Amino acid sequence: MENIIDRLMESYNNCPVTAKIDTNLQPNRAVVEHIVELLQRIVFPGFFEQKKLNRDFVRYYIGETLEEVKYNLEKQMKRAFICTCKDENALSEQELDIKVDNISKAFFEKLPMIREYMETDICAAYDGDPAAYSKDEIIYSYPGVYAIMVARIAHELFLLEVPLIPRIMTEHAHSKTGIDIHPGATIGKYFFIDHGTGIVIGETTIIGEHVKIYQGVTLGGLSTSAGQGLKGVKRHPTIEDNVTIYSGASILGGETVIGEGSTIGGNAFIVTSVKPNTRVTIKNPELKYQNLDKSVTTEELDQEDAWFYII
């Protein structure tokens, strides 16, 4: 065991990227996840509390919850700024307190707007999904709604240039839902994610209003081979209003624009812009049907058919 400890100590010195020793405290992922839970109660009051929310006391409850969010969020933001700031740009403790306080005030100003946008998302989900029996069902159980809510919250912090925290939030939602939305993505009202598993929405994606996407859709970059050299460049597509994108479609590239009113069929692979009111589909592959009677031998089959029976 002593030998293992010695080797690990050596590893900490040789691989400093994956070790935080003698450095300032890092943001606490569990606390950030708790902040998301508290904000979910603000966005959807009465849905996720452990007790009945009485109208006579709603104001006090919201105030108390926001106070808890403010305390935890500011504490985590301070840690994020300190651990990502270069020494030459370091702020004094007083300057950092003022900066974080201003950011939290600006963020809280956005909460009514986030609620307004989420209301439209719930309506879009209900209107667009015949399997939904109520809007309550959608709020409680649809993974897409949770992922969108977290993305909208994280996006506002991202715009306020808060490091680390927005990405921790959206990756928490990713781990819970299988939906990967970068906090930098811009998303309009009435956004509906149906099913959702496997969806990827990149940082510089712009999505208009009344957009509907299904599971397995990728709104991604055409190439990332340039790595950090692409930072800040528009790498992901723009989806205009009233577009539907079916499962498995990949739409790539910062110059790719899907025009208003278009429909993208399942498994389509698109790297160039699509004009408005266009339907894009893949030609159906030829289907071949044959009898799977076990008495048929591979010698009786054509060579190209034999693989059906070879396990």
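Everything numeric in this text was worked out from a predicted model, so none of it was measured.

Turning our attention to the confidence of the model for the protein. Scored by pLDDT, the protein has a mean of 92; 94% of the residues are at 70 or more. Considering only residues more than four positions removed or in separate chains, one finds that residues 306–311, a stretch of pLDDT under 50, has eight contacts.

Inspection of every chain in the model, using the stated rule, returns one cavity of 30 Å³ or more. Of the voids in this model, the largest cavity is the one considered here, and its volume is about 30 Å³. As for the largest cavity, its lining consists of Asp121, Ala125, Tyr142, Gly144, Val145, Ile148, Phe191, Phe192 and Ile193. Sorting the residues of the lining of the largest cavity by element identifies helix 5 (111–128), helix 7 (143–159) and strand 3 (192–194) as the ones contributing at least two each. Top contributing element to the lining of the largest cavity by residue count: helix 7, with three residues. The class makeup of the residues in the lining of the largest cavity is seven nonpolar, one polar and one charged.

The subject of this paragraph is the layout of surface pockets. Of the pockets and cavities examined, the largest pocket occupies roughly 730 Å³. If you trace the largest pocket, you find 24 residues lining it, with Arg167, His182, Glu203, Lys231 and Arg235 closest to the centre. Looking at the lining of the largest pocket, the elements that each hand over two or more residues are helix 8 (165–177) and strand 4 (200–201).

About the criteria used
Residues numbered from 1 in each chain as written. Predicted model: local features only at pLDDT ≥ 70, side-chain atom pairs only at ≥ 80, totals over all residues. Heavy atoms only, no water. pLDDT = per-residue confidence, 0-100. Contact = heavy atoms within 4.5 Å. 1 Å grid on protein atoms, 1.4 Å probe; cavity = no way out; pocket = protein on both sides within 12 Å on 5 of 7 lines; lining within 4 Å. Points joined across faces, edges and corners; volume = space filled by probe spheres on them. Helix = DSSP H or I, 4+ residues; strand = E, 2+ residues; numbered from the N terminus. Nonpolar A, V, L, I, M, F, W, Y, C, P; charged D, E, K, R; others polar.

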